[in-house]
Amino acid sequence: MYYNNKRLALSIFWLVLGLVLVVLSTAEVLNDSIYAGMGAALAVVGGLQLGRHIKYRRDPEYREKIDIEAGDERYKSIRLQSWAWTGYLFILVAAVVSVVAYFMGQVVVQQTLCYSICFMLVVYWIANVILNRKM
């Protein structure tokens, strides 16, 4: 079963945590306004996930569709390829934007993007070494 009780409990936790953050921010217990936005986002995500869990448990057609997507090799391959494209595109876009930021005098933005690119390439290299040893 794709949706188990741990995932259901986690969705309820995110919903409750989000609502608590919104209430505490509204009551001005938490002074920073970021908590209200973060709480609202967590509540929305928790509510949407909770809705998916309920639909999965009640709708047999939806359950079958989700179970097929979770176990089908074609979907797994598509997800892996999507992550690969995302990584390539992020590195290319971040590299271009870092050059533009450098010419605009935004050194902090340029350095942050370059550090992000370096971090991703180091993680890629480590993952590549580990996965090649397993093969």
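Rules used in this analysis
Residues numbered from 1 in each chain as written. Predicted model: local features only at pLDDT ≥ 70, side-chain atom pairs only at ≥ 80, totals over all residues. Heavy atoms only, no water. Salt bridge = Lys/Arg side-chain N within 4 Å of Asp/Glu carboxyl O. Helix = DSSP H or I, 4+ residues; strand = E, 2+ residues; numbered from the N terminus. Buried < 20%, exposed > 50% of the residue type's maximum accessible area, 1.4 Å probe, protein only. Phe/Tyr/Trp six-rings, centres within 6.5 Å; stacked < 30°, edge-to-face > 60°. Lys NZ or Arg CZ within 6 Å of the ring centre and 35° of its normal.

Q: Break down the pattern of salt bridges for me, with residues and values.
A: Here the structure, examined in full by the defined rule, presents one salt bridge. Across the salt bridge formed by E73 and K76, the nearest N and O atoms sit 3.9 Å from each other. Here the residue E73 and the residue K76 both occupy positions in helix α4 (residues 73-103), the gap between them amounting to three residues, near one helical turn. On the basis of relative accessible area, E73 is assigned to the exposed category, the value being 56%. Judged by its relative accessible area of 33%, K76 falls in the partly exposed class.

Q: Lay out the packing of aromatic side chains with the relevant residues and their values.
A: According to the stated counting rule, one finds two aromatic pairs in the structure shown. Ring geometry for F13 versus W14: centroids 5.1 Å apart, planes at 55°, classification tilted. Relative accessible area serves as the criterion here: at 44%, F13 is assigned to the partly exposed category. Centroid distance Y102 to F103: 5.7 Å. Interplanar angle 65°. Geometry classified as edge-to-face. F103 shares its class with Y102; the two are exposed. Just above the ring of Y62 sits the side chain of K55; from NZ or CZ to the centre is 4.6 Å. Lying across the ring of Y75, R74 places its NZ or CZ 5.0 Å from the centre.

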